[in-house]
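# A structural walkthrough
Here is how the chains run, residue by residue.
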Amino acid sequence: MPKVLVLYYSQSGHTQKLAKLIARGIEEQGCEAVIRTVPGVSPKNEAVDSAIPESGDLYATKLDLIECDGLVVGSPTRFGNMAAALKYFIDGTSEIWMGGKLADKPVSFFTSTSSLHGGQESTLLSMMNPFLHHGMLVCGLPYSETELIHTESGGTPYGVSHWSGKDNDKSISDSEKALAIAQGKRIAKFTQLLA
Ligand SMILES: Cc1cc2nc3c(=O)[nH]c(=O)nc-3n(C[C@H](O)[C@H](O)[C@H](O)COP(=O)(O)O)c2cc1C
């Protein structure tokens with residue numbers, strides 16, 4: 001069964017909730033969803049966490065990337081960009097890039113912001129850059145997913161998003177949920193076609 005890696009960072013759990021919904025869509029479409037997170041970064045600029053987190057999803061390894069047939073990458077928005085913890089992990093993938101291990105595989109993206117116009121699209125678009133260098137095929141969301149037109153919360157054609165609100169306490173809306181599951185199904189469909 002083709003494997004789709006759902007790779008995310010989340011500090012307060014919103015991006016993680018999207019990751020789980022995307023994974024549900026991946027599995028409903030008939031692929032295996034492998035959910036992995038990355039450790040936070042410290043001012044020492046070196047990863048100091050233990051290899052296995054005390055709770056929650058396992059940390060991603062380079063092997064997870066090499067072995068996946070498709071990839072979904074998520075991060076909370078930080079000043080209109082991805083979080084440093086995820087960027088730190090991606091910056092450690094030079095060997096995978098040189099070996100072309102991700103080339104020709106599909107990839108898609110998701111994010112969460114506290115303000116509705118606080119940079120969802122800029123985060124999603126800028127997250128694509130490293131994976132275009134890796135030779136991956138970017139997969140967004142089409143407007144045939146009609147929640148994209150009707151949503152009053154998150155959801156973009158560049159990938160699903162969540163609006164967590166100024167107090168960071170909004171639940172995933174029905175539109176966001178539908179789009180996250182749809183995005184999981186879509187990346188799984190292309191993974192099956194390309195694997
Ligand atoms: C350092 C920092 C920068 C942030 N920058 C933005 C931003 O540019 N736009 C925005 O809307 N929210 C911003 N936020 C809020 C988070 O993106 C938001 O709370 C998000 O939903 C958290 O996701 P998580 O629960 O997965 O950690 C920022 C938060 C932090 C800590």
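The sections below set out a description of the structure shown in this document. (Residues numbered from 1 in each chain as written. Predicted model: local features only at pLDDT ≥ 70, side-chain atom pairs only at ≥ 80, totals over all residues.)

Attention shifts here to the overall build of the chain. Scanning the chain from N- to C-terminus turns up seven helices and six strands. Seen in sequence order, the chain has helices and strands lined up from the N terminus as β-α-β-α-β-α-α-β-α-β-α-β-α. Relative to the 2.2 N^0.38 estimate, which gives 16 Å for 195 residues, the radius of gyration of the chain is 15 Å and therefore close to what a compact globule would have. Structurally, the chain occupies a C-alpha span of about 40 × 40 × 30 Å along its principal axes. A separation threshold of at least 6 residues defines the contact pool for the chain, and within that pool the share at least 24 residues apart is 75%. (Helix = DSSP H or I, 4+ residues; strand = E, 2+ residues; numbered from the N terminus. Rg over C-alpha atoms; globule rule 2.2 N^0.38 Å. Contact = placed C-beta atoms within 7 Å.)

With that settled, the discussion passes to the site of the ligand. In the neighbourhood of the ligand, 19 residues make up the surrounding shell, with Ser10, Thr15, Pro76, Thr113 and Gly118 lying closest. For the shell around the ligand, a count of residues per class yields two nonpolar, 16 polar and one charged. (Near = placed C-beta within 6 Å. Nonpolar A, V, L, I, M, F, W, Y, C, P; charged D, E, K, R; others polar.)

At a minimum axis separation of 7 Å, helix H1 (residues 14-28) and helix H7 (residues 174-194) run at an interaxial angle of 45°. Comparing the axis directions of H1 and H7 gives the class oblique. H1 and H7 meet at a crossing whose hand is right-handed. Across the interface between the two elements, Leu18, Leu21, Ile22, Ala23, Arg24, Gly25, Ile26 and Glu28 of H1 pack against Lys177, Ala180, Ile181, Ala182, Gln183, Gly184, Lys185, Ile187 and Ala188 of H7. Class assignment of the residues belonging to the contact of H1 with H7 gives a composition of 10 nonpolar, three polar and four charged. (Axes fitted to C-alpha atoms, helices over the stretch in contact; angles between N-to-C directions. Parallel < 35°, antiparallel > 145°, perpendicular 65-115°, else oblique. Left-handed = near helix turned anticlockwise from the far one by under 90°.)

Not every positive phi belongs to a glycine, and Asp104 is a case in point at roughly 75°. For Asp104, the location among the structural elements is in the loop between helix H4 (94-98) and strand E4 (106-113). One non-glycine residue, Asn168, adopts positive backbone phi at about 55°. Residue placement: Asn168 occurs in the loop between strand E6 (160-163) and H7.

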